[in-house]
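Structure assessment
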Amino acid sequence: MKRIATSVFTIIIGLTAGCSPKAGPTALGGETASLSGTIQLTRGFDRAGEAYFSPDMKWIIFQAVPRGEQNYQMYVAQTKWAVERLIGAQTPTRITPKDSRNTCGFFSPDGKSLIFASTAGKEDPSEPSSGYQRQGGTYRWDFPTGMEIYRADNWEAAVKAAGPGGEINLAQHRLTENKAYDAECAFSSDGKWIVYTSNETGDLELRAMTPDGKPGTRLTNTPGYDGGPFISPDGKRLVYRSDRKVNDLLQIFVSDLVYNAAGKLTGLKNEQQLTNDGNVNWGPYWHPDSRHIIYASSAHGHTNYELYLMRADGSHQTRITFTEGFDGLPVFSPDGQWLMWSSKRTGTTQVWAARFRFPQGS
């Protein structure tokens, strides 16, 4: 909160002591066991995060709060490469209007479209800015009722016309239209489905719709928050976070996807809870192999969220980051060679990336 955010997240670090570190494998060598060539990709924002790669890895989309403003805006930026090494990102282009809250940008598998959630044209400044908040205020994100999901086609030409550092409003084509929060959206790898979170029914549940915005199929029907869904690259399973116990401790779940004879996504089955502890575990994301999931955990305290990798059955939980401060919202590049995440390791939350390799025994 996407989202900081993997929705409209505003991460507030440093107000509450965390839980004890959880037991489990720890990669020998610390951060260098899995990450190398670590690089900061965003600068100049009050905070930035929840970034995703385009399919060709030539672009990233992320949200950030520009100086002098209060809310997250959506940005896209071209990546910089030296042969096969990621060395930075160009000056980003803003794609959302002022007086709006924005989150959860994502590219379509063919790279021709992008989606994101925005209150553009429906912003109500009187709405509270902390829809989900852990006791003590260490992290929170918004559930504004004007938040809708947008799709922007042929975005690249429009962004290039605006140029680095330019602005353009791509919040033009709404896929959802109601008086509810619709956000936390992502494409399936075949481009046939968008999964997202909605409180259209009064409870925050997972839904799926086609890219043209036809009425979505409800995927979950359990009291409490369900959010941040991602379909596995092989199209067989869904990973998400949930506050099923309504105790502010998000946990990670996976379920099998159910399709009918016509190939329509109709629901979930065989739900499995992968984490079950006294920590906040959130922001899960699939590795391209569909067999591993990376996520963030408060196991080392709410001032020091760290990234963990686990197998898709919840086993072999292995710590990946070892730097003091918030690390969260991790995503893999489409080829699995790079990890990108949001980190507060230099004082303000920004987007970082590093070359990734599996730790021993994972």
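Residues numbered from 1 in each chain as written. Predicted model: local features only at pLDDT ≥ 70, side-chain atom pairs only at ≥ 80, totals over all residues. Heavy atoms only, no water.

Moving on to the side chain of Glu148. One can find Glu148 in strand 12 (residues 148-153). Side chain to side chain, Glu148 and Lys122 meet in a polar contact 2.5 Å long. At 2.9 Å, the side chain of Glu148 and the backbone nitrogen of Asn178 are in polar contact. The residues touching Glu148, leaving out its near neighbours within four places in the chain, are Phe116, Ala117, Ser118, Lys122, Arg174, Thr176, Glu177, Asn178 and Asp182. (Helix = DSSP H or I, 4+ residues; strand = E, 2+ residues; numbered from the N terminus. Polar contact = N/O pair within 3.5 Å; in protein donor to acceptor, adjacent residues only side chain to side chain. Contact = heavy atoms within 4.5 Å.)

For the rest of this paragraph, the subject is the confidence of the model for the chain. On average, the chain scores 89 in pLDDT, and the residues at 70 or more come to 88%. Of the regions scoring below 50 in pLDDT, residues 1-24 engages in 132 contacts with residues more than four places distant in sequence or in other chains. This stretch, residues 130-139, has a pLDDT under 50; its non-local contacts, to residues over four places away or in other chains, come to 43 contacts. (pLDDT = per-residue confidence, 0-100.)

Within a beta sheet, neighbouring strands are joined by backbone hydrogen bonds and run either parallel or antiparallel to one another. Reading across the sheet, the four strands line up as 21-22-23-24 and stay open at both edges, with antiparallel pairing between neighbours. The two strands at the open ends of the sheet, each matched to only one other strand, are strand 21 (281-286) and strand 24 (318-319). Across six bridges, the pairing between strand 22 (residues 292-297) and strand 23 (residues 306-311) is antiparallel. What sits directly across from Ile293, in strand 23, is Met310. (Pairing = 2+ DSSP bridges.)

Next up on the list: the sheet that holds strand 2 (residues 35-40). Spatially, the four strands line up as an open sheet ordered 2-27-26-25, and their pairing is antiparallel. Each edge of the open sheet carries a strand with a single partner, namely strand 2 and strand 25 (327-332). Across the sheet, the mean angle separating the axes of adjacent strands is 25 degrees when strand polarity is ignored. One ladder, built from four bridges, connects strand 25 with strand 26 (residues 338-343); its direction is antiparallel. Counted as the bridge partner of Phe332 is Leu339 from strand 26. (Axes fitted to C-alpha atoms, helices over the stretch in contact; angles between N-to-C directions.)

Here the focus is the pairing of strand 9 (residues 113-118). Across the six residues of strand 9, six count as buried, placing the element largely inside the fold. Along strand 9, one buried face is formed by Ser113, Ile115 and Ala117 and the opposite face, lined by Leu114, Phe116 and Ser118, is buried too. Bridge analysis of strand 8 (residues 102-107) against strand 9 gives four bridges, and the strand direction is antiparallel. Its bridge partner lying in strand 9, Asn102 is registered against Ser118. As consecutive antiparallel partners, strand 8 and strand 9 are separated by five residues, and within that stretch Gly111 has a phi angle of approximately 80 degrees, a positive value. Pairing of strand 9 with strand 12, which is carried by six bridges, proceeds in the antiparallel orientation. (Buried < 20%, exposed > 50% of the residue type's maximum accessible area, 1.4 Å probe, protein only.)

This brings us to the packing of aromatic side chains. Applying the stated criterion across every chain yields a total of 21 aromatic pairs. A centroid spacing of 6.1 Å and a plane angle of 40 degrees characterise the contact between Tyr52 and Phe230, whose relative ring orientation is tilted. Residue Tyr52 is located in strand 3 (residues 45-53), and its partner Phe230 is located in strand 17 (residues 226-231); the two are separated by 178 residues in the primary sequence. Across the pair, Phe230 and Tyr52 agree in class, each one buried. (Phe/Tyr/Trp six-rings, centres within 6.5 Å; stacked < 30°, edge-to-face > 60°.)

What follows is about the pattern of salt bridges. What the rule picks out here adds up to 15 salt bridges. Two residues, Arg244 and Asp226, come together in a salt bridge whose shortest N-O distance is 3.0 Å. Taken as a pair, Arg244 in the loop between strand 18 (237-242) and strand 19 (251-259) and Asp226 in strand 17 lie far apart in primary sequence, 18 residues in all. A relative accessible area of 0% places Asp226 in the buried class. (Salt bridge = Lys/Arg side-chain N within 4 Å of Asp/Glu carboxyl O.)

Moving on: the side chain of Arg241. Following the sequence through the fold, Arg241 ends up in strand 18. Among the residues examined, Arg241 registers a relative accessible area of 0% and is labelled buried. At 3.2 Å, the side chain of Arg241 forms a polar contact with the side chain of Glu184. One polar contact links Arg241 to Tyr225, side chain to side chain, over a distance of 2.9 Å.

Here the focus is the nonpolar core. Across soluble globular proteins, nonpolar side chains show a tendency to be buried alongside one another. Counting residues in hydrophobic clusters, the biggest one holds 85 residues, and the most contacted among them are Leu41, Phe62, Ile95, Leu114, Leu339 and Met340. For Leu41, the contacting residues outside a window of four places in its chain are Ile60, Leu86, Gly88, Ala89, Met340, Val351, Trp352 and Ala353. Core analysis: the next-biggest nonpolar cluster, separate from the first, contains eleven residues, Trp193, Val195, Tyr240 and Leu257 among them. (Core = buried A, V, L, I, M, F, W, Y, C linked by side-chain atoms within 4.5 Å.)

Scanning the entire structure with this criterion turns up zero disulfides. Between Cys104, a cysteine without a disulfide, and Cys185, which holds the nearest cysteine sulfur, the sulfur-to-sulfur distance is 5.5 Å. Given the relative accessible area of 1%, Cys185 is considered buried. (Disulfide = S-S within 2.5 Å.)

Glancing now at the layout of surface pockets. In this approach a probe as big as a water molecule rolls over the atoms, and the regions it shows empty are the leftover space. The space that makes up the largest pocket amounts to roughly 450 Å³. In terms of lining residues, the largest pocket is bounded by 22 residues, among which Phe106, Ser189, Pro233, Tyr285 and Pro334 are the most central. Here the lining of the largest pocket is built from residues that sort into 16 nonpolar, six polar and no charged. (1 Å grid on protein atoms, 1.4 Å probe; cavity = no way out; pocket = protein on both sides within 12 Å on 5 of 7 lines; lining within 4 Å. Points joined across faces, edges and corners; volume = space filled by probe spheres on them. Nonpolar A, V, L, I, M, F, W, Y, C, P; charged D, E, K, R; others polar.)

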